[in-house]
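Chain by chain, the residues:
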Amino acid sequence: MSASQKAVELADHLARAAAEGRGVQPITALDPAITEKEAYDVQLVTIQRKIQEGRRVVGKKIGLTSLAMQKLLGVDQPDYGHLLDNMVVENGGEIPWHRVLQPRVEGEIAFVLKRDLIGPQVTELDVLLATDYVLPALEIVDSRVADWKIALPDTIADNASSGLYVLGGKPVPVDRVDLAQIGMVLYKNGEIANTGVGAAALGSPAACVAWLANKLFEFGIPLKAGEVILSGALSAAVNAAPGDHFQARFAHLGEVSVRFASLK
């Protein structure tokens, strides 16, 4: 089987989860020898299909930025996925339960770029100079793999377990904040679920964006002016259920919130 044919078949496999409304087997169960590069090929097949259906890529997301998550999956670097125009949810909005399978919520710092970032030698300073502003964000990660039984190739192929995202607060120029020192409190139904700080993501969220720009160079993909970059979770993802309300408060950046619709 050719590499391209394998990528198409594995993308079909993951697409069944969304079509049928339930998780599927990990792709690593179907192909235990799949490589990181092959997993990204699967991701790109899915994204190209979405583009052909009329969707637009509006940014990127970075996953596995914390040492705890990297150790859990036995990896030594983050991964990335694509953000599409139909993934964004209005701040304070409600997410219909049919839009998700097994969602978890993370608090993150979002970057909005004012100029392109092209690897392979992008530095943190380059990121700061290319950033228009930062915002507080919630990422709703989701998995097409049943029960989140994922290894690294599974989450890469599944668009880095992307689901939806919410941007909040007011735009803050990046030179007005110390990104590594920004604290965050994530609330679930009015109670503290966890806390985090910018330094939890590779030492600084800007370092995550630099990693992304350099990683994308391997695939000939630039980060473009105007794109939204979700720079990675500042604390552990929290399980969501119908009716749950999530709010994150960030020092200097403000608040962002979302609710999952109740089942009727």
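That block above? That's the structure.
Quick summary incoming for the structure in this document. (Residues numbered from 1 in each chain as written. Predicted model: local features only at pLDDT ≥ 70, side-chain atom pairs only at ≥ 80, totals over all residues. Heavy atoms only, no water.)

### Comments concerning the packing of aromatic side chains
Filter applied, for reference: Stacked, edge-to-face and tilted are the three classes for Phe, Tyr and Trp ring pairs, Trp counted by its six-membered ring, which pair at centre distances within 6.5 Å; planes under 30 degrees apart are stacked, over 60 edge-to-face, the rest tilted. The numbering of helices and of strands both runs from the N terminus, where a helix is a DSSP run of H or I of at least 4 residues and a strand a run of E of at least 2. For each residue, the accessible area found with a 1.4 Å probe, counting protein chains only, is set against the maximum for its type, and the residue is called buried under 20%, exposed over 50%, and partly exposed in between.
Here the structure, examined in full by the defined rule, presents five aromatic pairs. Pairing Tyr40 with Tyr80 gives two aromatic rings, centres 4.6 Å apart and planes at 15 degrees, and the pair type is stacked. Highlighted residues: Tyr40 in helix H3 (residues 36–52) and Tyr80 in strand S2 (residues 79–84), separated in sequence by 40 residues. We classify Tyr40 as buried; its relative accessible area is 1%. Judged by its relative accessible area of 0%, Tyr80 is buried.

### Description of the pairing of strand S13 (residues 254–260)
So the rule is basically this: A pair of strands is labelled paired if DSSP reports no fewer than 2 bridges between them.
Two strands pair when backbone bridges link them, and strand S4 (residues 93–95) and S13 are joined in this way by three bridges, in the parallel orientation. Paired with Glu94 across the bridge in S13 is Arg259. Inspection of the sheet shows strand S12 (residues 245–250) paired to S13 by six bridges, in the antiparallel sense. Note that in S13 the partner of Phe250 across the bridge is Gly254.

### Re the pattern of salt bridges
What counts here: In what follows, salt bridge is the name for a side-chain nitrogen of Lys or Arg lying within 4 Å of a carboxyl oxygen of Asp or Glu.
Enumeration according to the criterion identifies 14 salt bridges in this entry. A salt bridge links Glu20 to Arg22; the nearest nitrogen and oxygen atoms lie 3.1 Å apart. Judged by relative accessible area, which is 52%, Arg22 ranks as exposed. We note a salt bridge from Glu139 to Lys61, for which the minimum N-O separation is 2.9 Å.

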